[in-house]
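# Structural overview for review
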Amino acid sequence: MAVCVAVIAKENYPLYIRSAPTENELKFHYMVHTSLDVVDEKISAMGKALVDQRELYLGLLYPTEDYKVYGYVTNSKVKFVMVVDSSNTALRDNEIRSMFRKLHNSYTDVMCNPFYNPGDRIQSRAFDNMVTSMMIQVC
Amino acid sequence: MADEALFLLLHNEMVSGVYKSAEQGEVENGRCITKLENMGFRVGQGLIERFTKDTARFKDELDIMKFICKDFWTTVFKKQIDNLRTNHQGIYVLQDNKFRLLTQMSAGKQYLEHASKRFHDSDLITSWYLFMYINFK
């Protein structure tokens with residue numbers, strides 16, 4: 001269902017980015033990069049009325065003609081960005097939230113791995129499998 | 001509880017192990033201390049990710065400090081921080097009157113130096129993470 005999933009570190013470089021249709025990946029990378037600005041705006045004090053300040057889930061960041069971009073920021077300022085296909089109207093907000101929950105759980109597991117150095121690219125197979133399960137329902 | 005004694009013993013061995021494995025002349029300079037600090041820091045990072053997974057977003061520094069003093073300290077050391085002071089300009093002093101990892105050491109001047117070695121590892125778990133958080137801006 002998700003077309004592209006990205007995990008961005010606190011310093012705004014990607015720890016993990018993967019798109020489902022393997023051609024035209026650059027377009028998704030660019031979309032994720034531009035969505036970072038929107039994320040920063042939402043978590044700053046300015047947008048107080050727009051986002052429930054106590055929640056980690058940010059909701060729809062911005063819609064484009066083909067895709068919708070959703071965001072989620074953890075308390076350690078690691079951002080998760082998910083791009084989904086607009087034509088897939090069956091996706092409700094709760095499903096997106098649960099997908100982010102799963103992402104956060106897997107990311108926590110990666111962090112607790114003593115062989116993982118924070119700041120490196122995520123190469124865990126378990127994390128890969130979890131992301132694949134989120135992207136595979138496209139067909 | 002038995003598991004606390006296990007952790008204390010392991011912690012003791014870790015500290016003395018790092019010092020034993022250091023090369024000659026390193027006991028005085030900071031390399032051992034840095035190694036222990038980094039170990040504690042890495043463990044703290046994993047702990048923090050797990051603990052903050054379900055808590056609400058931190059609105060400001062005070063929220064972060066409250067989380068560390070209450071939730072984090074309770075989960076790791078089974079008690080809360082006894083005193084928190086700040087100068088409102090970015091410096092926070094956390095005071096724990098009965099630090100769990102040191103209570104088993106006898107209270108005399110004899111082991112003062114060894115106590116500080118154990119302290120370096122455990123305390124840096126939280127104080128460095130605090131530093132990281134405060135720099136998130």
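Residues numbered from 1 in each chain as written. Chains lettered and ligands numbered in written order. Predicted model: local features only at pLDDT ≥ 70, side-chain atom pairs only at ≥ 80, totals over all residues. Heavy atoms only, no water.

### Observations regarding the nonpolar core
Residues and elements named next belong to chain A. How we decide: Each nonpolar core is a collection of buried residues, namely Ala, Val, Leu, Ile, Met, Phe, Trp, Tyr and Cys, held together in the definition by side-chain atoms within 4.5 Å. Here the term buried applies to any residue with accessible area under 20% of the maximum for its type, exposed to any over 50%, and partly exposed to those in between, with areas from a 1.4 Å probe on protein chains only. Numbering of helices and strands runs from the N terminus, with a helix taken as a DSSP run of H or I at least four residues long and a strand as a DSSP run of E at least two residues long. Residues are treated as being in contact if the distance between any of their heavy atoms lies within 4.5 Å.
One finds V7, F100, L103, Y107, I122 and F127 to be the most contacted residues of the largest nonpolar core, which totals 29 residues. Top contributing element to this core by residue count: helix α2 (residues 93-112), with seven residues. Other than its neighbours up to four places away in sequence, I122 contacts V7, L15, Y16, Y107, V110, Y116 and F127.

### Thoughts on helix α3 (residues 61-77) of chain B
Residue and element names in this part refer to chain B. Applicable threshold: We define the bend at any residue as the angle between the axes fitted to the seven residues before and including it, ending there, and the seven starting there.
Roughly 35 degrees is the biggest bend found in α3, and it falls at I68. Along α3, the residues classified as buried are E61, D63, I64, M65, F67, I68, C69, F72, W73 and F77. Backbone geometry just after α3 places K78 at a positive phi near 60 degrees.

### Quick word on the pattern of salt bridges
Two side chains with opposite charge may pair up if their charged atoms get near one another. For the record, the criterion: Take a side-chain nitrogen of Lys or Arg and a carboxyl oxygen of Asp or Glu: if they are within 4 Å of each other, that pair is a salt bridge.
Evaluation of the coordinates by the stated rule reveals seven salt bridges over all chains. A salt bridge links R97(A) to D93(A); its shortest N-O distance comes to 3.3 Å. Of this pair, R97(A) and D93(A) both sit in helix α2, separated by four residues, roughly a single helical turn. Overall, R97(A) belongs to the partly exposed group, its relative accessible area being 30%. Residues D54(B) and R101(A) are paired through a salt bridge, measuring 2.8 Å at the closest nitrogen-oxygen approach. Taken together, the residues D54(B) in the loop between α2 (31-52) and α3 and R101(A) in helix α2 connect one chain to another. Judged by relative accessible area, D54(B) falls into the exposed class, the value being 58%. By relative accessible area, which is 29% here, R101(A) ends up partly exposed. Linked through salt bridges whose partners overlap, the residues forming this network are K79(B), D82(B) and D96(B).

### Let's talk about the sheet that holds strand β4 (residues 67-73) of chain A
Strand pairing in a sheet relies on backbone hydrogen bonds. The paired strands run either parallel or antiparallel. All names here are of chain A. How we decide: Note on pairing: DSSP must find at least two bridges between two strands before they are called paired. Every angle, taken between N-to-C directions, lies between 0 and 180 degrees, and every axis is a line fitted to C-alpha atoms, over only the stretch in contact when it is a helix.
Judged by pairing direction, the sheet is antiparallel, and its five strands sit side by side in the order β2-β1-β5-β4-β3 without closing on themselves. On the outer flanks of this sheet lie β2 (14-19) and β3 (57-63), each paired with one strand and no other. Between one strand axis and the next, the sheet turns by 15 degrees as a mean value, whatever way the strands run. Bridging between β3 and β4 involves five bridges; their strand directions are antiparallel.

### Side note on the interface of chain B and chain A
The condition is simple: As a working definition, buried area equals the accessible area (1.4 Å probe) given up by two parts on being put together, with both sides summed. A 3.5 Å cut-off defines polar contacts: any pair of N or O atoms within that distance qualifies, except that in protein one atom must be a possible hydrogen donor and the other a possible acceptor, and neighbouring residues in sequence count only when both atoms are side-chain atoms. Side-chain classes are defined by residue name, with Ala, Val, Leu, Ile, Met, Phe, Trp, Tyr, Cys and Pro counting as nonpolar, Asp, Glu, Lys and Arg as charged, and the others, Gly among them, as polar.
Taken together, the contacts link 18 residues of chain B with 23 residues of chain A. For the pair chain B and chain A, the summed buried surface comes to about 2,000 Å²; carbon and sulfur atoms form 46% of the total. Where chain B packs against chain A, one counts two salt bridges. Residues D109(A) and R50(B) are paired through a salt bridge, measuring 2.8 Å at the closest nitrogen-oxygen approach. Here chain B and chain A share ten residue pairs in polar contact (both at pLDDT 80 or more) between them. Of all the secondary-structure elements, those providing two or more residues to the side of chain B that touches chain A are α2 and α4 (112-134) of chain B. Here the side of chain B that touches chain A takes six residues from α2(B), the largest share from any one element. For the side of chain B that touches chain A, the residue count by class is six nonpolar, four polar and eight charged.

### Looking at the side chain of K79(A)
Residue and element names in this part refer to chain A. Inclusion rule: Positive residues here are Lys and Arg, negative ones are Asp and Glu, while His and the chain termini are left out of the count.
Position of K79 relative to the elements: it lies in strand β5 (residues 79-85). Despite its burial, K79 remains without a salt bridge, the nearest opposite charge being carried by D40 at 4.7 Å. Of note is the side chain of K79, whose polar atom sits 3.0 Å from the side chain of N12. In contact with K79, other than residues within four places in its own chain, are A6, V7, I8, A9, K10, N12, L36, V39, D40, Y72 and V73.

### Concerning helix α1 (residues 25-43) of chain A
All names here are of chain A. What counts is decided by this rule: Multiplying 1.5 Å by the residue count of a helix minus one yields the expected span of that helix.
For α1, spanning 19 residues, the distance from its first C-alpha to its last is 27 Å, which sits close to the expected 27 Å at 1.5 Å a residue. Of all the residues in α1, the buried ones are F28, M31, V32, S35, L36, V39 and K42. Those residues of α1 hidden inside the fold are in contact with β1 (2-8), β2, β3, β4 and β5.

### A few points about the pairing of strand β1 (residues 83-86) of chain B
All names here are of chain B. For β1 and strand β2 (residues 92-95), the ladder comprises four bridges, and the chain directions are antiparallel. Directly across from N83, in β2, lies its bridge partner Q95. Taken together, β1 and the strand that follows it, β2, pair antiparallel across an intervening segment of five residues, in which H88 is found at a positive phi of about 60 degrees.

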